[in-house]
Amino acid sequence: MRLPASAHTGRPWRVHAIAGDFALADVWRLPTPGGPDDLIHLVRQFSGTAPRTGGAAPEQSSSPFAHPVAATLLGLRWKLGALLGWDGPGTGIGARVPSLRERLPDDLRDGPRGPDARPIPFRSVYTTRDEWLAEIANRTVHAALHLGWVPDGSGGYHAQMAVLVKPNGRFGRAYLAGIKPFRRFGVYPAMFEAAGRRWQETAALRATD
């Protein structure tokens, strides 16, 4: 479910002080009910490092990015990027733009960084009990994905995802406007459907972790 901007801006996230010059593109509530310490399980799921049911080795397909619809649309994006040079050397984190990790205060820099995501090349910036921030950059945009763990008012928690963007000039703004329909009506719904289904499938595994 898509949420108003205030659902993100009205909460005391650490990310506000770190990415204050980024624009808020989207905020969504995820179908992932859980307890106060369950964000780490969702981070592992999003990053493709969650173990299979039964404790087997991690599987990349656990990531919501691997949903067939999301993977198809994102795959088309990477092919187009390769053709037009959007994702080449010199366009990413540490090349075209510095990492958001350079902005972290000491406690976050010294704390757990968290896993990088796959198959989408988001690089983890920091992890806390109720936040995970990961970033990606190319010739069009420097973007950050933020997962927050939010109390629901009745003793439970759920995740909400915010997407923060810093477009690279007029070309970057045009790019973000062009992909908005695909993002909101294709990629995100598919991702969240996959995330909710996987969350339910791994409920027993989380209970024994």
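Residues numbered from 1 in each chain as written. Predicted model: local features only at pLDDT ≥ 70, side-chain atom pairs only at ≥ 80, totals over all residues. Heavy atoms only, no water.

Asks: Explain the pattern of salt bridges here, please?
Replies: Pairs may arise between side chains of opposite charge once their charged atoms sit close together. Inspection of the entire model under this criterion finds 11 salt bridges. The residue Asp26 makes a salt bridge to Arg183 at a minimum N-O spacing of 2.9 Å. Here the residue Asp26 occupies a position in strand β1 (residues 23-29), and Arg183 occupies one in helix α6 (residues 169-201), the gap between them amounting to 157 residues. Connected through shared salt-bridge partners, Arg2, Asp26, Arg183 and Arg184 make up one network. (Salt bridge = Lys/Arg side-chain N within 4 Å of Asp/Glu carboxyl O. Helix = DSSP H or I, 4+ residues; strand = E, 2+ residues; numbered from the N terminus.)

Asks: Looking at this structure, how should I read the packing of aromatic side chains?
Replies: The geometry of an aromatic ring pair is captured by two quantities: the separation of the ring centres and the angle between the planes. Tallying each qualifying case throughout the model produces 4 aromatic pairs. Plain terms: the ring middles of Tyr188 and Phe192 are 5.9 Å apart, the flat faces sit at 20° to each other, and that makes the pair stacked. Here Tyr188 pairs with Phe192, and both are found in helix α6, just 4 residues apart, close to one helical turn. Tyr188 gets classed as buried once you look at its relative accessible area, which sits at 6%. With a relative accessible area of 6%, Phe192 lands in the buried category. Here the aromatic residues Trp28, Tyr188 and Phe192 are joined through ring pairs into a cluster of three or more. (Phe/Tyr/Trp six-rings, centres within 6.5 Å; stacked < 30°, edge-to-face > 60°. Buried < 20%, exposed > 50% of the residue type's maximum accessible area, 1.4 Å probe, protein only.)

Asks: Just to check I follow, could you spell out the pairing of strand β2 (residues 123-127) for this structure?
Replies: Successive side chains on a regular strand alternate, one facing one side of the sheet and the next facing the other. Here β2 lies mainly inside the structure; 4 of its 5 residues are buried. Here β2 pairs with strand β3 (residues 131-137) via 4 bridges, running antiparallel. Pairing of Arg123 across the sheet is with Glu135, part of β3. Counting the residues in the hairpin turn of β2 and β3 gives 3 residues. (Pairing = 2+ DSSP bridges.)

Asks: Help me out: how do you make sense of the sheet that holds β3 in this one?
Replies: Within a sheet, neighbouring strands are paired by backbone hydrogen bonds and run either parallel or antiparallel to one another. In space, the 5 strands of this open sheet follow the order β1-β5-β4-β3-β2, with antiparallel pairing throughout. Of all the strands in the sheet, just β1 and β2 have a single pairing partner and so form its edges. Going across the sheet, the axis of each strand differs from the next one's by a mean of 20°, ignoring polarity. In this fold helix α3 (residues 39-47) packs onto β3, β4 (141-151) and β5 (157-167), with an angle of close to 145° to the strand it touches most, β4. (Axes fitted to C-alpha atoms, helices over the stretch in contact; angles between N-to-C directions. Contact = heavy atoms within 4.5 Å.)

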